[in-house]
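# Observations on the three-dimensional arrangement
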Amino acid sequence: MASSKEYLDFILEQLSGLEDITYRAMMGEYIIYYRGKIVGGIYDDRFLVKPVKSAIAYMPNARYELPYDGAKEMLLVDDVDNKEYLTGLFNSMYDGLPTPKPKKLKTLDTTPA
C-alpha cells in the first residue's frame with residue numbers, strides 16, 4: 001500500500017518549524033531529509049525514522065517496524081501530533097545520521113564506434 005500525499009503534507013506541516021526539510025517520492029513512499037541527511041520516511045502512512053542511538057534514547061519505548069519487505073527495521077514515531085516533540089527528535093538525531101555519499105558524475109562514452 002502506498003502512502004498518501006495527505007499524510008506526507010501533514011508530516012511536513014508538523015516539521016515546519018525546522019529549516020531545510022525535503023522529501024523524495026520513491027515507489028509510492030516518501031524519504032524525508034533534514035539538512036541533506038536521510039532521517040527516515042513515510043511508509044504505508046507510518047512515519048518511521050532511522051534507529052540511530054539518539055533516536056532510540058529520545059523514544060525509548062518506540063516499536064521497531066519494517067518499512068517494506070527486505071528492509072532494515074526502523075523506529076515508528078507515534079507522537080506525530082506534537083510539533084515540539086518532532087522538532088526535538090530531528091535535532092537530537094542530526095549529528096548521529098550518516099553523511100550522504102557524494103554522487104558520482106556520469107560520463108558519456110565519446111569513443112567512436
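Bear in mind the structure is a predicted one, so any value in this text is a computation, not a measurement. (Residues numbered from 1 in each chain as written. Predicted model: local features only at pLDDT ≥ 70, side-chain atom pairs only at ≥ 80, totals over all residues. Heavy atoms only, no water.)

## Some remarks on the packing of aromatic side chains
Rules: Paired rings are identified among Phe, Tyr and Trp, the last through its six-membered ring, by centres lying within 6.5 Å, and are further divided according to the angle between planes into stacked (under 30 degrees), edge-to-face (over 60) and tilted (the rest). A run of DSSP states H or I qualifies as a helix once it reaches four residues; a run of E qualifies as a strand once it reaches two. Both are numbered from the N-terminal end.
In total, this model carries 7 aromatic pairs according to the counting rule given. When the ring of Tyr7 is compared with that of Phe10, the centres are 6.2 Å apart and the planes differ by 40°; the resulting orientation is tilted. Of this pair, Tyr7 and Phe10 both sit in helix H1 (residues 5-14), 3 residues apart, which is roughly one turn of the helix. Between Tyr43 and Tyr68 the ring centres are 6.2 Å apart and the planes differ by 45°, which places this aromatic pair in the tilted class. Placement of Tyr43 in strand E3 (residues 37-43) and of Tyr68 in the loop between strand E5 (64-65) and strand E6 (74-76) is noted, with a sequence separation of 25 residues between them.

## Some points on the pairing of E3
Note on strand geometry: in a regular strand, side chains alternate between the two faces of the sheet. What counts is decided by this rule: Burial here depends on accessible area, computed with a 1.4 Å probe over protein chains only, as a share of the maximum for the residue type. Under 20% is buried, over 50% is exposed, and the range in between is partly exposed. In this analysis, strands are considered paired if DSSP registers two or more bridges between them.
Along E3, 6 of the 7 residues are buried, which leaves the element largely enclosed by surrounding structure. Relative to E3, strand E2 (residues 29-34) runs antiparallel, the two sharing 5 bridges. Its bridge partner lying in E3, Tyr34 is registered against Lys37. In sequence, E2 turns back onto E3 through a hairpin of 2 residues, with Arg35 there showing a positive phi of about 50°. In this sheet, strand E4 (residues 46-49) lies alongside E3 in antiparallel orientation, the contact comprising 4 bridges. Residue pairing across strands places Gly41 opposite Leu48, the latter belonging to E4. Two successive antiparallel strands, E3 and E4, enclose a turn made up of 2 residues, where Asp44 displays a positive phi of approximately 50°.

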